Amino acid sequence: MSIKKTSLSLFLMLSAKIFCQQFSLKYCIEKAQQNNTVIKLAEQSLETRQKLMAAGKNNGLPKLDLLAGYNYIGEPLRINLQQIKDGVAEGSANQAVYSANTVYQQITGNPLSQQVQDVIYQTSKDIIGAVYPNYNPEITKQSYFLAGVVVRQPIYLGGKLKSSRKLSEEQVKSGEANLESSKDLTAYNIALQYIQVMYLNSMIDKQKNSLESLQKNEAYAGNLLKAEIIPPYQKNWADIAKMQGETNLKNLTMEKENALYILKDMMGIPLDEPVEITEKLNESAEIPVFSSESANTDVKLLQSKKAEAETGLDITKSLSRPNVFAIGNVQFFRKDLPVITPPWLVGIEMQWTLFDPERRSKNLASQSLVKEADLLIEQKQKSVNLATKIAENKLISLKEQSETFNASRKQAYTTTEMIRKRMENSLSSIKDVNDALQLQYETEKLYYTSLLAYQTALATYFYITGNPENITNYIP
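Please read these numbers as outputs of a predicted model, since none were measured by experiment.

### Remarks on the overall build of the chain
The number of helices and strands found in the chain is 10 helices and six strands. Taken against the 2.2 N^0.38 rule, which gives 23 Å for 476 residues, the C-alpha radius of gyration of the chain at 47 Å runs more than 25% over that of a compact globule. C-alpha extents for the chain along the principal axes are approximately 170 × 60 × 45 Å. Counting only residues that meet the buried cut, the chain has 34% of its 476 residues in that class. Split by element, the accessible area of the chain, about 28,800 Å² in all, is 57% carbon and sulfur. Of the charged side chains in the chain, 54 are positive and 52 negative; the average position of the first set lies 3 Å away from that of the second.

### Let's talk about the confidence of the model for the chain
Averaged over all residues, the pLDDT of the chain is 82; the fraction at 70 or higher stands at 92%. The lowest-confidence element of the chain is helix 1 (residues 2-19), averaging 45 in pLDDT; the highest-confidence one is helix 2 (residues 25-35), averaging 91. Predicted confidence is poor over residues 1-18, with pLDDT under 50, and the contacts of this stretch with residues over four places away or in other chains come to one contact.

### Here we look at the pattern of salt bridges
For the structure shown, the criterion picks out 19 salt bridges. In this structure, Lys399 engages Glu403 in a salt bridge whose closest nitrogen and oxygen atoms are separated by 2.7 Å. With a gap of four residues between them, Lys399 and Glu403 both fall in helix 9 (residues 359-424), about one helical turn apart.

### Describing the packing of aromatic side chains
Overall, the coordinates contain six aromatic pairs when judged by the stated rule. Plain terms: the ring middles of Tyr447 and Tyr448 are 5.1 Å apart, the flat faces sit at 70 degrees to each other, and that makes the pair edge-to-face. Both residues of the pair, Tyr447 and Tyr448, belong to the buried class. Every member of this aromatic cluster is reached through a ring pair, and the members are Phe290, Tyr461, Phe462 and Tyr474. Here the guanidinium or amino end of Lys431 rests over the ring plane of Trp237, the centre of that ring lying 5.0 Å away.

### Re helix 8 (residues 297-318)
Helix length check: helix 8 (22 residues) gives 32 Å between terminal C-alpha atoms against 32 Å at 1.5 Å per residue, within 8%. Among all positions of helix 8, only Thr297, Val299, Leu301, Ser304, Ala307, Glu308, Ala309, Thr311, Leu313, Thr316 and Ser318 are buried. Looking at the buried residues of helix 8, the elements they touch are helix 3 (37-56), helix 6 (160-226) and helix 9. Capping of helix 8 at its N-terminal end is provided by Asn296; its side-chain oxygen lies 2.9 Å from the backbone amide nitrogen of Asp298.

### Looking at the nonpolar core
For soluble globular proteins, nonpolar side chains are generally found buried alongside one another. Ranked by internal contacts, the top residues of the largest apolar core, which has 50 residues, are Leu25, Ile190, Tyr194, Leu281 and Ile471. The set of elements that each furnish at least two residues to this core consists of helix 2, helix 6, helix 7 (232-267), helix 9 and helix 10 (430-464). In terms of nonpolar packing, the next biggest core, distinct from the first, is built from 12 residues, Ile230, Ile419, Ile430 and Leu437 among them.

### Points about the layout of surface pockets
Approximately 200 Å³ is the volume found for the largest pocket. If you trace the largest pocket, you find 15 residues lining it, with Leu214, Ala241, Gln244, Asn434 and Gln438 closest to the centre. Of all the elements in the fold, those that place two or more residues in the lining of the largest pocket are helix 6, helix 7 and helix 10. Class assignment of the residues belonging to the lining of the largest pocket gives a composition of six nonpolar, seven polar and two charged. Estimated volume of the second largest pocket: approximately 160 Å³. Within the residue set of the lining of the second largest pocket, elements represented by two or more residues are helix 6 and helix 7. In terms of residue class, the lining of the second largest pocket is made up of two nonpolar, three polar and five charged.

### Comments concerning the packing of helix 6 against helix 7
Contact geometry for helix 6 and helix 7: axes closest at 8 Å, N-to-C directions at 160 degrees. By the angle class used here, helix 6 and helix 7 are roughly antiparallel. The interaxial crossing formed by helix 6 with helix 7 has left-handed handedness. The class makeup of the residues in the contact of helix 6 with helix 7 is 21 nonpolar, 10 polar and eight charged.

### Observations regarding the side chain of Ser210
Tracing the backbone shows Ser210 in helix 6. Taking relative accessible area as the criterion, Ser210 reaches 12% and is therefore assigned buried. For Ser210, the residues in contact, after removing those within four places along its chain, are Leu437 and Tyr441.

### Here's the deal with the packing of helix 9 against helix 10
The interhelical angle for the contact between helix 9 and helix 10, taken along N-to-C directions, is 160 degrees, at an axis separation of 8 Å. The orientation of helix 9 relative to helix 10 falls into the category roughly antiparallel. Two packed elements cross with a definite hand, and for helix 9 against helix 10 that hand is left-handed. Broken down by class, the residue content of the contact of helix 9 with helix 10 amounts to 24 nonpolar, nine polar and six charged.

### Concerning the environment of Thr37
Looking at the secondary structure, you find Thr37 in helix 3. Linking Thr37 and Met266, residues 229 residues apart in sequence, is a C-alpha distance of 8.4 Å.

### Let's talk about the environment of Val330
By the secondary structure assignment, Val330 is in strand 5 (residues 323-333). Expressed as a C-alpha distance, the spacing of Val330 and Ser426, which sit 96 residues apart in the sequence, is 114 Å.

Each value, and the rule that gives it
Residues numbered from 1 in each chain as written. Predicted model: local features only at pLDDT ≥ 70, side-chain atom pairs only at ≥ 80, totals over all residues. Heavy atoms only, no water. Helix = DSSP H or I, 4+ residues; strand = E, 2+ residues; numbered from the N terminus. Rg over C-alpha atoms; globule rule 2.2 N^0.38 Å. Buried < 20%, exposed > 50% of the residue type's maximum accessible area, 1.4 Å probe, protein only. Areas by Shrake-Rupley, 256 points an atom, 1.4 Å probe, with all protein chains shown as cover. Lys, Arg positive; Asp, Glu negative; His and termini not counted. Charge placed at Lys NZ, Arg CZ, Asp CG, Glu CD. pLDDT = per-residue confidence, 0-100. Contact = heavy atoms within 4.5 Å. Salt bridge = Lys/Arg side-chain N within 4 Å of Asp/Glu carboxyl O. Phe/Tyr/Trp six-rings, centres within 6.5 Å; stacked < 30°, edge-to-face > 60°. Lys NZ or Arg CZ within 6 Å of the ring centre and 35° of its normal. Expected span 1.5 Å × (residues − 1). Polar contact = N/O pair within 3.5 Å; in protein donor to acceptor, adjacent residues only side chain to side chain. Core = buried A, V, L, I, M, F, W, Y, C linked by side-chain atoms within 4.5 Å. 1 Å grid on protein atoms, 1.4 Å probe; cavity = no way out; pocket = protein on both sides within 12 Å on 5 of 7 lines; lining within 4 Å. Points joined across faces, edges and corners; volume = space filled by probe spheres on them. Nonpolar A, V, L, I, M, F, W, Y, C, P; charged D, E, K, R; others polar. Axes fitted to C-alpha atoms, helices over the stretch in contact; angles between N-to-C directions. Parallel < 35°, antiparallel > 145°, perpendicular 65-115°, else oblique. Left-handed = near helix turned anticlockwise from the far one by under 90°.

What follows is the structure, given as structure tokens:
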């Protein structure tokens, strides 16, 4: 039985370690960069841009289209013979007179008399008028089907193809910068939340120590009350102080649970997955080596946007240049067409927009967009430089502040211990000890709050300078 119990205990301990994982800050950042929705969205956007760039590489290849269609016209096409009837009769009669007069003159040497010519003219005109159709004949069916293949090969597009490919490349670079920016921002947010959990761990640990002292103080007050050395209200003070300590501990524990929920949500893992972080705030505030170089990803993103704007300006300028294409056309079905076209043709065509009232406005707008990007980069760079200097000064200030609060809390320990000894010698009351313990806890809170502010400022400094993962060198 003892072996079974021991095995069960070991199994439960191993299960607890397996299912309640201890997460380091570095692991949390890596997990978030795999699962965070913002990063996944940026990755998907980059993939889309990469596919568009791959498609753009083929825009210089010929385009092959199959053109086919069925057409039905309201009525068949006709030749309007009635419109030219008088002209045909007149011309034919004159031609008959001319021919007869020429033949007669060659035989006799004399022209026909005018009377004979008039008779020939009128007779010819009457004959043609009698046999001439009195309707307009059809030359096509009302419906017909046609099909063919058209090939169109760009030869010269005024730089549009090159600019289009370059724009696709710049958009991919923007996607990469956006992904890097999303990863940096996620790492920064994870670090801030992890630091918050560390702060709560430290405060829970100190609150437990404080509660333990309050419980001892309550037990000591109970003994004094039984010995009728102190009045009941002093025992009540001890009870109330202990209850406040228990409430504070519960509140801190609940805050940590909520902080872990937020951290798990950032990491993209289920909220019900067991996660435990036991790390506490590092009590040694180490100032990093400040660097004048900055690799802020927001600045990089704006720079890539500027490159896009410059390429867009090139594309706008290329619209004023002509387009030249080689074309080819092969017809499969032609027999039912109103006019029989050749079975195939090849040629070169040029398209050149000679007048476009919007062109100048588009050029000016593209130039303005480039200038706007320059201003945004300049503004962002100044903002980063300012934030970097402020963060550096904050780190120095908060380090000094934490050292001051550390000395203060150590003095509070000494004061509490002195008051406790005085109470044991009946020179101070239970309430004096409770007040000292409360003051000690408040100095602890001030100290760890200053450490929280320092660690937050340190994470902010690394984020601003474009290296948010460097915080893992200072936090386990």
